[in-house]
Every structure is written in C-alpha cells, then in structure tokens.
Amino acid sequence: MQAENDLILAEIDPLEDDKVLLTELKSVTVLGVSLALGLIGDVLFFHYRPGINVPIYTVIFLLAGAALLVTFQKEISQKNAVFGIPVLIFATLLSVFTAPELVLLNGAAAVGTLFLLVRYVTTRQFIGGHWLSAVMSAVQFGFIGWAEGPLVVLANSAQWFGRVKISQEHAAHFGAVVRGLLLTVPIVVLFGLLLASADAIFGDLLTESMSWLVPDNMDSLIMQGFVVGFFTWVGVMLFKVLLLGQPENPFQEVLLEKRKIMGFRLTMIETSMVLGSVDVLFLVFVLIQAKYLFGGEANITVQGYTYSEYARRGFFELLAVSAMTLALVVALDFYTFRLPTQERLFQGLTFGMVALTVVMLVAAFMRLNLYEDVYGFTRLRVMTQVFMVWLAVLFAVLVADLLYRNKKIFWTGCLVTAVGFVLTLNLMNMDGFIASRNIARFEETGKLDVLYLTTLSDDAIPTVAQLLEKEDALGEQKYQALLAGLGPRLYFLDQDRQERGWLGYHFSKDRAWKALDRYREILAPFIRPTYSQYAF
C-alpha cells in the first residue's frame, strides 16, 4: 500500500483535536529554524567582533520569522509589522557608533522593538490600552518567557517525534545517506588537504572558510556550543510567541475591571485640591524664573549669584519635577471619577500644570546651556538636554490624550518619543557633537579639557584628530597631552583592524583608524599600549 511507503503517524485518538497536531508541527518547525539560526549566529559572531554582522543577522532573523508566518498562514498586521523598521535601524546603528551610552540605548531599542514586533505582528491590537496590562505582559515575558517558550517547544516537539513511524523504505534511504556521508567526507577532506598544500591561496581560503566548523581546541568547541545554544534559545523563545502566542495572562480578567481592583477612587474635590495647589506652586516658581533667568544676568547678580553659579544648581531637580508631573497627571486621570460636566475643570487644571511644566523645562534647558558655556559639554549634559526636548513632546502628546480620551495616543506617543530620543542622539553622533562643541568653545575661550576629549569613544576621533594640526593654538602642554591620548588609541585601533575580520566591520572603528592613520608619523613615538585606554 502507498501508506506503507510514506512517512506515517502513529495511531491517534480519533477524538484528538487537529489543533494539537498543528501545534506540535509548529513547535518542531520553530526548533529546526532556531537551530539553523544558532549555527548562522556561530558563523557570524564566534570568529568576528560585533559590526555589520549584527544587522546581517537581524535581517536573516526577520526573514525567518516572516517565512514561518507565511508557511503557517498566520495573519500579519501591517500596521504592527512596521516595528520591523526600527528593529533594522537600531541594529544597523550598533555597527555605526561606539559610544557606550549609544551602544546600550541602540541595543535596548533594537531588542525592545523586536519584542513589540513579535508580540503584536499577528494581532490587530496595537500597544494601546491600560498601562498596567502592558506592564504585566512585559514582566510576565521577562520572568517566564525565556524559559516557558523553549520548554513548551521542546515538549511539543518530543510528542510529535513520538508519533512518527518510519517505513522500511525510508529507513533504507536514511541508511544510504549515512553510508554516503561516511564515504564522501574522508574523500573530500583528503583531496582538500592535498589541494591546499598545492596552492597557498586556496589553502588560506579553505582554512578561513572552514575555521568556524573545525574548532581549534576543546575550549573553542565548548564556546561555539554556547554561542549556537544562545542564538537557538533566543530563536525558540521569540518564534514560540510568534506562532503559538504568549501564555495566558492570569491577570487579564482582573485588568479588564481596572477601576474595581484599585480599592479606591478620587473625586474631583481631592483632585482639584491637588492640581490647584501644584498649579499655584508652579506659577510662583515660573514667575521667579521669568525674573531671574529669562530677565538676564543683571537680575541674577543683584541677588549675589553669578550666571554660572545660578545655572549650576537645579536643572536636574527641574527635570525630576517635570517627569514626576507627567506621572502625576497620568495617575490622577486614571484614579479620578468625574462627571462629564467636570471634565472641563479637570482638563483646565491639568493643561495649566502641563503648560507651567513646559516653561520649567525651558528654564532647565537654559540653565544647562549656561552651565555648558562655563564648564563644557559632556555626555550626561547632552543626553539630558535631548531628553528635555522629547519630554516636552510627550507632554504635548499627553494633552492630546486628555482631549480625545484615547489611551492609544499616549502609549503610541511614549513609543515615538523613546525612539525619537535614541535616534536624535545617533543623528547627532553624540560623542562627535561633544568634541566639536568643546573645540568650538576652545576657539572662543581658550579653555579645553584635552584629557576628556581623548577618552571619548571612536565616534569622536575624526573630530579630535583635527586638533593635531593646531599645535600653536593648543600650546605645548595640551598638545603633548593630545599626543599621549591619541597614540594608544591608534595602537588599539591597529590591533582591532587586524582581528576584526570583514564580518565584524564597524563604521566608527574604520573612520577613527583612517583619521589617526593620517597622522601616524606624528603619533609614532606614542603608539603603544596604555591599558587605561583599552576599553576603546
């Protein structure tokens, strides 16, 4: 019979739902695809440092996910599939910049948007809804998703393989394949070794192409096993959510009754007292700011403060107040029971608070500008300023949310502002911006912290290297400090260039090396390892 010649399933309970078989088949497919991605990850990363291999692997991962969805005819939400764009952007930026803060932010943004893509690409639901539901879903995935996914996939796969029977004919074919491999591999290896000995170029190519497959020693084999296992585990964890969904949320039904589980509600009396009092406090503060900060230096010096002393205090406190105000408005909006006739009062009080908070953000931004004029630019100060701008944008989104009573507006705004914050720092080239601003300040004031400039990441090196042509302007002491700082950087960039490999190509590293290589003759006496610089 034909059935005897084909792969057949063991006897199945006639009442068993076909969905069980489909679930098991999906699990087997996820396991196989994830293992393939694990091997690809080993090829791309074991012998190469992170560089363009990061976006290459990301593209392969996304294509594999799309292929799984198409194969199993899962519905794809086009509006949520857009999350794939920021995933690719941030993965690519990891191969462009090296500033530690940017690497951390780009990595977090790439992973975060990937989770959003996997979570929502097969549903029409967007990221809107109640904030507690979103938080609980993220916590649930973080705590049990990394273990629950692989365990479910492995269990389902084991059940599927347990059902399978192999016919006699297929067993014979399998045996033939095994015998063919046993004959083919030794012959190919023998001829390959002979040809490699006959031609050095062919030998180098063969060695390089097969180095990932043939480990140098047992330690290398173990490490490769970890690399393959890591990428396989990540693939199983994410693809399980993609095809089989997240585990049921035990809090879901409770969250649907969100106002009932909070234990108490506020009326407009309490809320008006809170908002009104804070509005008055903010108004008094803003009036003082208008007189002493916006009014100019004369008003500050009358009170016994210099501009720099006044600017040095308070911008982080103002930033904290602004962030707390945002949380306060969101909380009061959620907890306050109000009649339709009271909605305008609530909106008026909250809009007044938001407007005064934005003024305080402007004041904090100006204070920080003054501080930078006196003491220079640093990563923390630049990141804080950019954060202030996007926080002001988020306040505008909050106003729109309160006007239209649509939580999707606020949660979408949170995502957009978070992505916008990270992208802005990348577009600025944060370390390059810091270096250029400090050099411009040096040309105006003669003040420059050369040591700090030489500790910035490779992103700043092309800008800092230009100072090597300004020996007279810098003076002997600063110029020698510059040489002593950039010489070791070139040493480590030389080492990195030799070891990185083409799959590990990194745009920032390449630009930094080229910028310093132009001055190799000048830096020659200082090109030596200084391990305080090793991190760069």
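Residues numbered from 1 in each chain as written. Predicted model: local features only at pLDDT ≥ 70, side-chain atom pairs only at ≥ 80, totals over all residues. Heavy atoms only, no water.

Points about the overall build of the protein chain
Moving on, step 1. Of the regular secondary structure elements, the protein chain holds 25 helices and 2 strands.
Moving on, step 2. Looking at the protein chain as a whole, 40% of its 536 residues are labelled buried.
Moving on, step 3. A fraction of 81% describes how many contacts in the protein chain between residues 6 or more apart in sequence connect residues 24 or more apart.
Moving on, step 4. Carbon and sulfur atoms form 68% of the exposed surface of the protein chain, whose accessible area is close to 29200 Å². (Helix = DSSP H or I, 4+ residues; strand = E, 2+ residues; numbered from the N terminus. Buried < 20%, exposed > 50% of the residue type's maximum accessible area, 1.4 Å probe, protein only. Contact = heavy atoms within 4.5 Å. Areas by Shrake-Rupley, 256 points an atom, 1.4 Å probe, with all protein chains shown as cover.)

A short note on the packing of helix α16 (residues 343-375) against helix α17 (residues 379-404)
Moving on, step 1. Taken N-terminus to C-terminus, the directions of α16 and α17 make an angle of 170°; their axes are 10 Å apart at the nearest point. By the angle between their directions, the pair α16 and α17 is classed as roughly antiparallel.
Moving on, step 2. A class-by-class count of the residues in the contact of α16 with α17 yields 19 nonpolar, 6 polar and 2 charged. (Axes fitted to C-alpha atoms, helices over the stretch in contact; angles between N-to-C directions. Parallel < 35°, antiparallel > 145°, perpendicular 65-115°, else oblique. Nonpolar A, V, L, I, M, F, W, Y, C, P; charged D, E, K, R; others polar.)

Concerning helix α23 (residues 476-500)
Moving on, step 1. Here α23 is 25 residues long and its end C-alpha atoms lie 36 Å apart, about the 36 Å a rise of 1.5 Å per residue gives.
Moving on, step 2. Within two residues after α23, Gly501 carries a phi angle of roughly 80°, on the positive side. (Expected span 1.5 Å × (residues − 1).)

Quick look at the packing of α17 against helix α19 (residues 430-445)
Moving on, step 1. α19 packs onto α17 with a crossing angle of 110° between their chain directions and a minimal axis gap of 10 Å. Regarding the angle of α17 to α19, the classification is roughly perpendicular. Crossing of α17 over α19 shows right-handed handedness. Residue-level inspection shows Arg379, Val382 and Met383 of α17 in contact with α19, the latter providing Met430, Asp431, Phe433 and Ile434.
Moving on, step 2. Of the residues in the contact of α17 with α19, the class split is 5 nonpolar, no polar and 2 charged. (Left-handed = near helix turned anticlockwise from the far one by under 90°.)

Quick word on the side chain of Arg338
Moving on, step 1. Along the chain, Arg338 turns up in the loop between α15 (315-335) and α16.
Moving on, step 2. Polar contacts involving the side chain of Arg338 include one to the main-chain carbonyl oxygen of Thr336, which spans 3.2 Å.
Moving on, step 3. Polar contacts involving the side chain of Arg338 include one to the side chain of Glu343, which spans 2.9 Å.
Moving on, step 4. With residues near it in sequence (within four places) discarded, Arg338 still touches Met268, Leu332, Asp333, Glu343, Phe346 and Arg405. (Polar contact = N/O pair within 3.5 Å; in protein donor to acceptor, adjacent residues only side chain to side chain.)

A word on the pattern of salt bridges
Moving on, step 1. Applying the stated criterion across every chain, the model contains 15 salt bridges.
Moving on, step 2. Between Asp431 and Arg379 there is a salt bridge, and its shortest N-O distance comes to 2.7 Å. On the criterion of sequence distance, the pair formed by Asp431 in helix α19 and Arg379 in helix α17 is long-range, its members being 52 residues apart.
Moving on, step 3. Among the residues examined, Asp431 registers a relative accessible area of 0% and is labelled buried.
Moving on, step 4. The class of Arg379 is buried, set by a relative accessible area of 14%. (Salt bridge = Lys/Arg side-chain N within 4 Å of Asp/Glu carboxyl O.)

Some words on α17
Moving on, step 1. Between the first and last C-alpha of α17 there are 37 Å, a value that for 26 residues agrees with the 38 Å anticipated at 1.5 Å per step.
Moving on, step 2. Positioned one or two residues after α17, Arg405 has a phi angle of 55°, which is positive.

Remarks on the confidence of the model for the protein chain
Moving on, step 1. Mean pLDDT over the protein chain works out to 79, with 74% of the residues at or above the 70 mark.
Moving on, step 2. Taking the mean pLDDT of every element in the protein chain, the minimum, 42, falls on strand β1 (residues 8-9) and the maximum, 95, on helix α5 (residues 84-93).
Moving on, step 3. pLDDT under 50 marks residues 1-15. Its contacts with residues more than four places away, or in other chains, come to 20 contacts.
Moving on, step 4. This stretch, residues 532-536, has a pLDDT under 50; its non-local contacts, to residues over four places away or in other chains, come to 11 contacts. (pLDDT = per-residue confidence, 0-100.)

Remarks on the packing of aromatic side chains
Moving on, step 1. If you walk through the whole model with that rule in mind, you get 11 aromatic pairs.
Moving on, step 2. With centroids separated by 6.0 Å and ring planes inclined at 75°, the aromatic side chains of Phe45 and Tyr57 adopt a geometry described as edge-to-face. Residue Phe45 is located in helix α2 (residues 18-45), and its partner Tyr57 is located in helix α3 (residues 53-71); the two are separated by 12 residues in the primary sequence. Judged on exposure class, the residue Phe45 and its partner Tyr57 are both buried. (Phe/Tyr/Trp six-rings, centres within 6.5 Å; stacked < 30°, edge-to-face > 60°.)

Remarks on a nonpolar patch on the surface
Moving on, step 1. The grouping of Ile187, Leu190, Phe191 and Leu194 at the surface amounts to a nonpolar patch, some 420 Å² of accessible area in total.
Moving on, step 2. Note that Leu190 resides in helix α8 (residues 168-198). (Patch = residues over 30% accessible without salt bridge, like charges linked within 9 Å, V, L, I, M, F, W, Y side chains within 5 Å.)

Describing the environment of Ser77
Moving on, step 1. Inspection of the secondary structure assignment puts Ser77 in the loop between α3 and α4 (78-81).
Moving on, step 2. What makes Ser77 buried here is its relative accessible area of 10%.
Moving on, step 3. Sequence separation between Ser77 and Arg124 is 47 residues; the distance between their C-alpha atoms is 5.8 Å.
Moving on, step 4. Those residues in contact with Ser77 that sit more than four places away from it in its chain are Tyr120, Val121, Thr123 and Arg124.

Remarks on the side chain of Asp279
Moving on, step 1. Tracing the sequence through the fold places Asp279 in helix α12 (residues 268-292).
Moving on, step 2. The buried charged residue Asp279 lacks any salt bridge partner; its closest oppositely charged side chain belongs to Arg338, at an N-O distance of 14 Å.
Moving on, step 3. Setting aside chain neighbours within four positions, we find Asp279 in contact with Leu349, Gly352, Met353 and Leu356. (Lys, Arg positive; Asp, Glu negative; His and termini not counted.)

What about the environment of Val96?
Moving on, step 1. Along the chain, Val96 falls in the loop between α5 and α6 (100-120).
Moving on, step 2. On the basis of relative accessibility, which here comes to 23%, the residue Val96 falls in the partly exposed class.
Moving on, step 3. Counting along the chain gives 415 residues from Val96 to Arg511, while the straight-line C-alpha distance between them is 9.8 Å.
Moving on, step 4. In contact with Val96, not counting residues within four places along its chain, are Asp459, His506, Phe507 and Ser508.

Re unusual backbone geometry
Moving on, step 1. Here Gln73, not a glycine, exhibits a phi torsion of approximately 55°, which is positive.
Moving on, step 2. Here Gln73 lies in the loop between α3 and α4.
Moving on, step 3. With relative accessibility at 72%, the residue Gln73 sits in the exposed group.
Moving on, step 4. Non-glycine residue Asn429 carries a positive phi angle of around 55°.
Moving on, step 5. Here Asn429 falls in the buried class, since its relative accessible area comes to 16%.

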